[in-house]
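Now for the letters of each chain:
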Amino acid sequence: MAMATDVLQDLSDTYPISPEQIEQYQVNGYIKLKRVLSAETLAYYGREITRKVKELNSQHLPMEERDLYHRAFLQVENLWESSSIVREFISSPKLGRIAAQLMECTGVRIYHDQALYKEAGGGITPWHADQYYWPVNTDKTITAWIPLQETPLDMGPLAFCPKSHRVTYGRDLEIGQESENRIGEALKDHGIDEGKFDLGEVSFHSGWTFHRAGQNTTPTPREVMTIIYMDEDMRLTQPVNSYQQADRDKYCPGVEVGGLIHSPMNLLVWSSRS
Ligand SMILES: O=C(O)CCC(=O)C(=O)O
């Protein structure tokens, strides 16, 4: 049984990031890093994350009655608000520091968290870029995708199109069948980096990087926690679609257009200024 002090230490330790890894992230728009978190840390926080997913999940339709997007995963957002254990996890200085270093910014705040559990028999995650959904004024956003178990190809690990954060085609598409078809077609000559994740491996992808995931054909759920960070200096832009308006209301309460996004929802988890 892991001791709370051991796992807390694991969340605070420094994970060294080399200049080559920063360059790799900047060029490709994502990076996969091995041995970021220990098996004990993932088991300890994973238990609580799974408990919260079961408590808060509102998707109860059988798979065959759902549309493509809702077959991809159970999606539960901002677990940290009602769990001090999840709050501890998403406040990890180790993960925050990696995010800031990769984006080459002085610090990061939380935009939001979400658990993405691809159930046994769950469908594909269609091609998309996350920043379509976010009313923010720069591209300094990054998602830590943290599998809670080893994730082989048949469980549907996250896959990335290298360098696609520089591709502007398809940025106006919401996730679904159309994004899967049109972005998949547009990127077919760019290649796809699709591989398993070891236990403890974490990927970081930029808000405009196109990504997808295959089906989970195993009998075991693919349990993943994600933390979405933004530059500590990020400002709010006028929402340009209904999703951005909903995000503004949920994740940036009280922030004016043009204002610094530092509402009580946006925990400052790592900064070299403080
Ligand atoms: O977990 C998945 O299948 C998709 C994850 C994703 O799209 C994201 O974290 O931005």
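Please refer to the structure placed before this passage.
All of the points below concern the structure found in this document. (Residues numbered from 1 in each chain as written. Predicted model: local features only at pLDDT ≥ 70, side-chain atom pairs only at ≥ 80, totals over all residues. Heavy atoms only, no water.)

**Regarding the site of the ligand**
- With respect to spatial proximity, 13 residues lie near the ligand, and among them Thr-125, His-128, Trp-145, His-211 and Arg-222 are the closest.
- In the environment of the ligand, an oxygen atom lies 3.0 Å from a nitrogen or oxygen atom belonging to the side chain of Asp-130.
- Here an oxygen atom of the ligand sits 2.9 Å away from a polar atom, N or O, in the side chain of Trp-145.
- Starting from 290 Å² of accessible surface for the ligand in isolation, the protein chains cover 96%.
- When contributions to the shell around the ligand are tallied by element, the ones reaching two or more residues are strand 4 (125-128), strand 5 (141-147), strand 8 (211-213) and strand 9 (222-231).
- When its residues are assigned to classes, the shell around the ligand shows 5 nonpolar, 6 polar and 2 charged. (Near = heavy atom within 4 Å. Polar contact = N/O pair within 3.5 Å; in protein donor to acceptor, adjacent residues only side chain to side chain. Areas by Shrake-Rupley, 256 points an atom, 1.4 Å probe, with all protein chains shown as cover. Helix = DSSP H or I, 4+ residues; strand = E, 2+ residues; numbered from the N terminus. Nonpolar A, V, L, I, M, F, W, Y, C, P; charged D, E, K, R; others polar.)

**Description of the environment of Ile-227**
- Along the chain, Ile-227 turns up in strand 9.
- By relative accessible area, which is 0% here, Ile-227 ends up buried. (Buried < 20%, exposed > 50% of the residue type's maximum accessible area, 1.4 Å probe, protein only.)

**Some remarks on the environment of Met-234**
- Summarising the element assignment, Met-234 is placed in the loop between strand 9 and helix 8 (242-251).
- Met-234 gets classed as buried once you look at its relative accessible area, which sits at 1%.
- Spatially, the C-alpha atoms of Met-234 and Leu-267 are 13 Å apart, while their sequence positions differ by 33 residues.
- Ignoring anything within four residues of it in the chain, the contact list for Met-234 reads Val-136, Asn-137, Thr-138, Lys-140, Thr-141, Gly-259, Leu-260 and Ile-261. (Contact = heavy atoms within 4.5 Å.)

**Focus on the packing of helix 2 (residues 19-28) against helix 6 (residues 93-103)**
- For the pair helix 2 and helix 6, the least separation of the axes is 8 Å and the interaxial angle reads 70 degrees. Classified by the angle their axes make, helix 2 and helix 6 are roughly perpendicular. Here helix 2 and helix 6 pass one another in a crossing that is right-handed. Contacts between helix 2 and helix 6 pair Gln-21, Ile-22, Tyr-25 and Gln-26 from the former with Gln-101, Leu-102 and Met-103 from the latter. (Axes fitted to C-alpha atoms, helices over the stretch in contact; angles between N-to-C directions. Parallel < 35°, antiparallel > 145°, perpendicular 65-115°, else oblique. Left-handed = near helix turned anticlockwise from the far one by under 90°.)

**Observations regarding the sheet that holds strand 4**
- Here 3 strands make up an open sheet; going across it, the order is 4-8-6 and the pairing antiparallel. Of all strands in the sheet, those bounded by a partner on one side alone are strand 4 and strand 6 (158-160). Sheet twist, expressed as the average angle between the axes of neighbouring strands with direction ignored, equals 20 degrees.
- This element, helix 7 (residues 177-186), spans strand 4 and strand 8 of the sheet and lies at about 55 degrees to strand 4. (Pairing = 2+ DSSP bridges.)

**Focus on the pairing of strand 9**
- Burial analysis of strand 9 places 9 of its 10 residues in the buried class, the great majority of the element.
- As paired strands, strand 3 (residues 107-118) and strand 9 are joined by 10 bridges and run antiparallel to one another. Along strand 9, the bridge assignment pairs Leu-116 with Val-224.
- Pairing between strand 5 and strand 9: 7 bridges, direction antiparallel. Paired with Thr-143 across the bridge in strand 9 is Ile-228.

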